[in-house]
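Secondary and tertiary structure notes
Here is what each chain is made of, one letter per residue.
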Amino acid sequence: MAFIIDGKAISAKIKDELKEEVAALKAAGREIALAVIQVGSDPASSVYVNNKKKACAYIGIESLSYEFAEDITQEELLELIAELNGREDVNGILVQLPLPKHINEELVINAISPEKDVDGFHPASVGAMCIGQPGFLSCTPAGIIQLLKRSNIEIEGKNCVVIGRSNIVGKPMALLLLRENGTVTIAHSRTKDLKAVAKAADILIVAIGKPKFINSEYVKDGAVVIDVGIHRDENNKLCGDVDYDDVIEKVSAITPVPGGVGPMTIAMLMNNCVESARG
Ligand SMILES: Nc1nc2c(c(=O)[nH]1)N[C@@H](CN(C=O)c1ccc(C(=O)N[C@@H](CCC(=O)O)C(=O)O)cc1)CN2
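Now for a quick tour of the structure.

Each value, and the rule that gives it
Residues numbered from 1 in each chain as written. Predicted model: local features only at pLDDT ≥ 70, side-chain atom pairs only at ≥ 80, totals over all residues. Pairing = 2+ DSSP bridges. Helix = DSSP H or I, 4+ residues; strand = E, 2+ residues; numbered from the N terminus. Axes fitted to C-alpha atoms, helices over the stretch in contact; angles between N-to-C directions. Left-handed = near helix turned anticlockwise from the far one by under 90°. Contact = placed C-beta atoms within 7 Å. Nonpolar A, V, L, I, M, F, W, Y, C, P; charged D, E, K, R; others polar. Near = placed C-beta within 6 Å. Domains from an automatic or database assignment. Expected span 1.5 Å × (residues − 1). Buried ≥ 20, exposed ≤ 12 C-beta atoms within 10 Å, placed from the backbone.

What follows concerns the sheet that holds strand S1 (residues 3-4). Working definition: the strands of a sheet are paired by backbone hydrogen bonds and lie parallel or antiparallel to each other. Across the sheet, 6 strands lie side by side as S1-S11-S8-S7-S5-S6; this open sheet has parallel pairing. Each edge of the open sheet carries a strand with a single partner, namely S1 and strand S6 (183-187).

Structure follows, in C-alpha cells:
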C-alpha cells in the first residue's frame, strides 16, 4: 500500500519548531517582519497570500501588507522594494507571483536585496545554492527535500527525474536533489520519449502545470511521486499534475493535492524569514 506523504502535518511540525525559535529570538530582543506584496486580485494568489500572513501570525512574525491594484506601475513597485531593502525593521520581502504582464518579473525579483530574498528567487540566491554557498533556498524545492527527509525517503544514489524546468521549481529542484547526491535528470516539453524517462525514476517530481497529465504509464512500480501541480478539475476539485487515482496502486509513496507540496512552500518561506532574522 502506498505511503501518503502528509505535507500538512509535516508543515505544521516545522511551523511549531519555528514558533519556538521565534519566541527565543524575541526574548533576546529581536523582532521579525516580512513585507508581503500583492499586485491585483487573482483569487488563487489571494488564498496563498492570506495563508502566508496566517502562518506569520501563528509563528510570531509580523507581516506588513502591501496590496496594489493591477495598474500599479513597475516604477512604483521598484520604488517600494528599494525602500523596503533599506528598512532595518524588515527581514524579508515577498512579491507574490505572477505579476501583471506590464511588469517585468525578472526586474522586480532582481531588485530585492539578496539578504531579504526569502523566496530564494534572486540570481544571487540561485547561484549560491548551485555551488553550495549560504543563501536562501527556493521554497517549493526546499519543502520537497524536507518532505522526503522527514518521511525517511533516501535521495542519495536514487534516480531522480524532475519534469519541468521553471526557474522557481524545476531548475532549483534538480540542484537540491543533486546536492543530496541523487542522480538527476531534468525532463521537459521537448524531451523525447517522456514516458521512458519518467519510468526510470525512483523519485519522480512533477511540475509541468498540466492537470492529471502523469498517469500510471509514466510511473515505475514502487516509485516515489511528488506532485507540484495545483489545478481545478472538471468538478472544480483541486488536483495536481499527476492522475492520483491512476498511479496510487503503483507507487510506494506519493504527495496528495491538496495537502502535499503546497503547505511546505509556506513552511519554507517561514523558515527563510526566521533564517533572515537569525543573521
Ligand atoms: N512569490 C511567490 N509566488 C509564488 C510562489 C512562491 O513560492 N513565491 N509559489 C506559487 C504559489 N504558492 C506560493 O505562493 C503556493 C501555492 C499553493 C499553496 C498551498 O498551500 N496549496 C494548498 C491548497 C490551497 C488551496 O486551497 O488552493 C495545498 O496544496 O494543499 C501554497 C503556496 C506561485 N507563486
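Structure's up, so let's keep going.
It is worth spelling out the packing of helix H6 (residues 139-150) against helix H7 (residues 170-179) at this point. Between H6 and H7, the least distance of the axes is 8 Å, while the angle of their chain directions is 40 degrees. Helix-helix and strand crossings are classified by hand; for H6 and H7 the assignment is right-handed. Judged by residue contacts, Pro141, Ala142, Ile144 and Ile145 of H6 engage Pro172, Met173 and Leu176 from H7. Per-class residue counts for the contact of H6 with H7 are 7 nonpolar, no polar and no charged.

Turning next to the site of the ligand. Residues in close proximity to the ligand total 19 residues, the closest being Tyr48, Leu97, Pro258, Gly262 and Thr265. Counting only elements with at least two residues in the shell around the ligand, the list comes to helix H2 (43-59), strand S4 (92-95), H6 and helix H10 (261-278). Take the shell around the ligand: its biggest share by element is 4 residues, from H10. Two domains each put at least three residues into the shell around the ligand: domain 1 (30-113) and domain 2 (139-262).

A separate point is the sheet that holds strand S3 (residues 62-68). With parallel pairing, 3 strands are arranged side by side in an open sheet as S3-S2-S4. Only two strands of the sheet have a single neighbouring strand rather than two, namely S3 and S4. On average, each strand axis in the sheet is inclined to that of its neighbour by 15 degrees, with strand direction left out of account. Of the strand pairs in this sheet, strand S2 (residues 33-39) and S3 are connected by 7 bridges, and their pairing is parallel. Following the sheet pairing, Ile37 is matched in S3 by Tyr66.

Before going further, it helps to spend a moment on H10. Taking 1.5 Å as the rise per residue, H10 with 18 residues should run 26 Å; its terminal C-alpha atoms sit 26 Å apart, in good agreement. With 15 of 18 residues buried, H10 is to be regarded as a mostly interior element. Just beyond H10, the residue with positive phi is Gly279, at close to 80 degrees.

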